[in-house]
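Letter by letter, the chains look like this.
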Amino acid sequence: MRAAPWVRGLLALAALRLLFAAFVPVTPEEAYHWNFGQHLDWSYYDHPGMIAWSIRLGCAIFGDTALGIRFFPVLFATGTAALLARLARRLYGEPAAAWAVLLISVNPIAFLAGGSGFPDSPLLFFWALAMMCVAEALETGGPRSWIVAGVALGCMGLSKYTGVFFGVAVLLHLVTSARDRRWLLTPWPYVASVLALALLWPVFHWNAAHELASFKFQAGRVGETRPPSAFGAFLFLGEQWAGMIPFTLPLAVVALPRAWRSKQPAERFLFWCFVPMVAFFFAVSSFRFVHLMWPMPAFLSLTVLMAGAAVKAEGRVAQIYSKGRAWLAGVTAGAYVLGAIHLAFFLPWFSPVQGMYGWEKVAAKARELRAGMPEGTFYLGLGRKYTCPSQLAFRIPAPFDVHGKNLVGEMGSQYDYWADLPKLAGRDAVVVLEEGDRSKSSVEQIKSAFASVEPAGDLIMPVGRHPILEVKPLRFRFFVGRGYKEKK
């Protein structure tokens, strides 16, 4: 029996993701999260533990490789597309399932983050699962769907804190829906909520043991403000368009108002799964930076709504997309192949993606320096954020012997919790300083952290060319630090 078109598309997409996963170099964020998996814990400073546990399991199967890091994220991404297809088929029929798979595939950021070692990958999967289960519960009245939705919501919270917006979406729908408001008088939404909170025990436990560090960090990010500016809000909208729906904005403009006017409660529910999260970050963007990926889960419901609009083909825009599906798929596939080649080898005349190239040579030189030093010598990676220590830890590999900028008095994020400073006192280190425009680390910091410091050479790494702007090569400076002095 021949598989349905959407199933064939889903399998082709999974194969493409696995190919990318095996050959595209590991990003700094993925190396950082790989290090999470080496230091297994209930939760972490930056994020809850789902991505760390997934990477650790993937590396247990495929080794400490790019494929090991990305294997379970690829499974999550494939599951996300399958769940959207199932929901679209339930609401709009079999043709809508194929559209849902295609539309989530042409979302560039969802394609990138969904199959990479980012916490967004499990977040998207569990958001799609919860969305499908709540939609089924509202239609069939089955308590089992509410229970599964509660488990999925808890797993969202174990993936990324922004999962809380799904709970807000469900509440707004129940309050505003004449048909579904009755569910507020039943125990099942509350049972689902209790289940979700119970599953969040690891996050609460870690924060209770670390002075609420992760909660304070995330709350502080929202609190980092600047003078209100309309430019920030317009920039947010532009980034969301370019990153999420660059090829399908007209279809989205048709689908969203259609859902708002719809008399179908399921479409209204999908509308509420989109609006609160995007509206919140749009408001916040006027007075602080908003990361492109933060509102990404909201676009899953928009994907299903766009699939419905394309199938119904009501209006000129929907008809154009209905007839141009093959072109949409072909252009997107070509763009992704070129993007993957650029990420793996950086094509001439395209802006390079820094933080991914040259780390094998950097790690090899660090290992060479370490070979001639006393037992107990550690590595210290300095530079942009957590890039240098994470890539060093992954490439050497030495997850328990590489430390970050907290050793020189700066905040090191999760590295703050992996270093036992009193035990490092008096020991020697191989220090790698990644220089660049966004690096605040300096030679002076290194000198202040050790009794003596000796230069040990440089590495200059080209990172591609740009047709207009000058792209400076990355410079890595190596030092041998003698007698670490613990920073108080």
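Residues numbered from 1 in each chain as written. Predicted model: local features only at pLDDT ≥ 70, side-chain atom pairs only at ≥ 80, totals over all residues. Heavy atoms only, no water.

J.: Go over the overall build of the chain with me, naming the residues and quoting the values.
T.: On a plain count of helices and strands, the chain comes out with 22 helices and five strands. Over its C-alpha atoms the chain spans a radius of gyration of 24 Å, differing by no more than 12% from the 23 Å that the globule rule assigns to 488 residues. Reported as C-alpha extents along the three principal axes, the dimensions of the chain are approximately 75 × 55 × 50 Å. Buried residues in the chain amount to 55% of all 488 residues. For the chain, restricting intrachain contacts to residue pairs at least 6 apart in sequence, the fraction spanning at least 24 positions comes to 75%. As presented, the chain carries roughly 21,200 Å² of accessible surface, and 66% of it is formed by carbon and sulfur atoms. If the 46 positive side-chain charges of the chain are averaged to one point and the 31 negative ones to another, these points end up 9 Å apart. (Helix = DSSP H or I, 4+ residues; strand = E, 2+ residues; numbered from the N terminus. Rg over C-alpha atoms; globule rule 2.2 N^0.38 Å. Buried < 20%, exposed > 50% of the residue type's maximum accessible area, 1.4 Å probe, protein only. Contact = heavy atoms within 4.5 Å. Areas by Shrake-Rupley, 256 points an atom, 1.4 Å probe, with all protein chains shown as cover. Lys, Arg positive; Asp, Glu negative; His and termini not counted. Charge placed at Lys NZ, Arg CZ, Asp CG, Glu CD.)

J.: Please provide a residue-by-residue account of the side chain of Arg 268, values included.
T.: Within the secondary structure, Arg 268 sits in helix α15 (residues 265-285). No salt bridge forms around the buried Arg 268; measuring N to O, its nearest opposite-charge neighbour Glu 267 is 8.9 Å away. Every residue in contact with Arg 268, bar those within four places of it in the chain, is listed here: His 173, Ala 259, Trp 260 and Ser 262. (Salt bridge = Lys/Arg side-chain N within 4 Å of Asp/Glu carboxyl O.)

J.: Now, about the sheet that holds strand β3 (residues 429-435): what can you tell me, with residues and values included?
T.: Taken in spatial order, the five strands of this open sheet run β2-β1-β3-β5-β4, and their pairing is mixed. Each edge of the open sheet is held by one strand with a lone partner, namely β2 (402-403) and β4 (450-461). On top of the sheet, helix α19 (residues 359-371) reaches β1 (378-382), β3, β4 and β5 (474-484); it is set at about 145° to β4, its chief contact. (Pairing = 2+ DSSP bridges. Axes fitted to C-alpha atoms, helices over the stretch in contact; angles between N-to-C directions.)

J.: Give a description of the environment of Ala 97 that names residues and reports values.
T.: Turning to its location among the elements, Ala 97 is positioned in helix α5 (residues 94-105). When its relative accessible area of 0% is taken as the criterion, Ala 97 is described as buried. Separated by 91 residues in sequence, Ala 97 and Trp 6 place their C-alpha atoms 5.9 Å apart. Among all residues touching Ala 97, those that are not within four sequence positions of it are Trp 6, Ala 85, Ala 88 and Arg 89.

J.: Mind laying out helix α16 (residues 298-312), listing which residues take part and the relevant values?
T.: The terminal C-alpha atoms of α16, which comprises 15 residues, lie 22 Å apart, in line with the 21 Å expected from a rise of 1.5 Å per residue. Among the 15 residues that make up α16, 13 are buried, leaving the element largely enclosed by the rest of the structure. With its phi angle positive at about 50°, Ala 313 sits one or two positions after the end of α16. (Expected span 1.5 Å × (residues − 1).)

J.: Tell me what's going on with the pattern of salt bridges, and back it up with residues and numbers.
T.: Overall, the coordinates contain 17 salt bridges when judged by the stated rule. A salt bridge links Asp 120 to Lys 160, with the shortest nitrogen-to-oxygen separation between them at 2.7 Å. Here Lys 160 lies in the loop between α8 (143-157) and α9 (164-176) and Asp 120 lies in helix α7 (residues 120-140), a separation of 40 residues in the sequence. Note on Asp 120: relative accessible area 3%, which makes it buried. Measuring nitrogen to oxygen at the nearest pair gives 3.3 Å for the salt bridge that ties Arg 395 to Glu 360. Separated by 35 residues along the polypeptide, Arg 395 in helix α20 (residues 387-395) and Glu 360 in helix α19 bring together distant segments of the chain. Connected via shared salt-bridge partners are Glu 435, Asp 458, Arg 475 and Arg 477.

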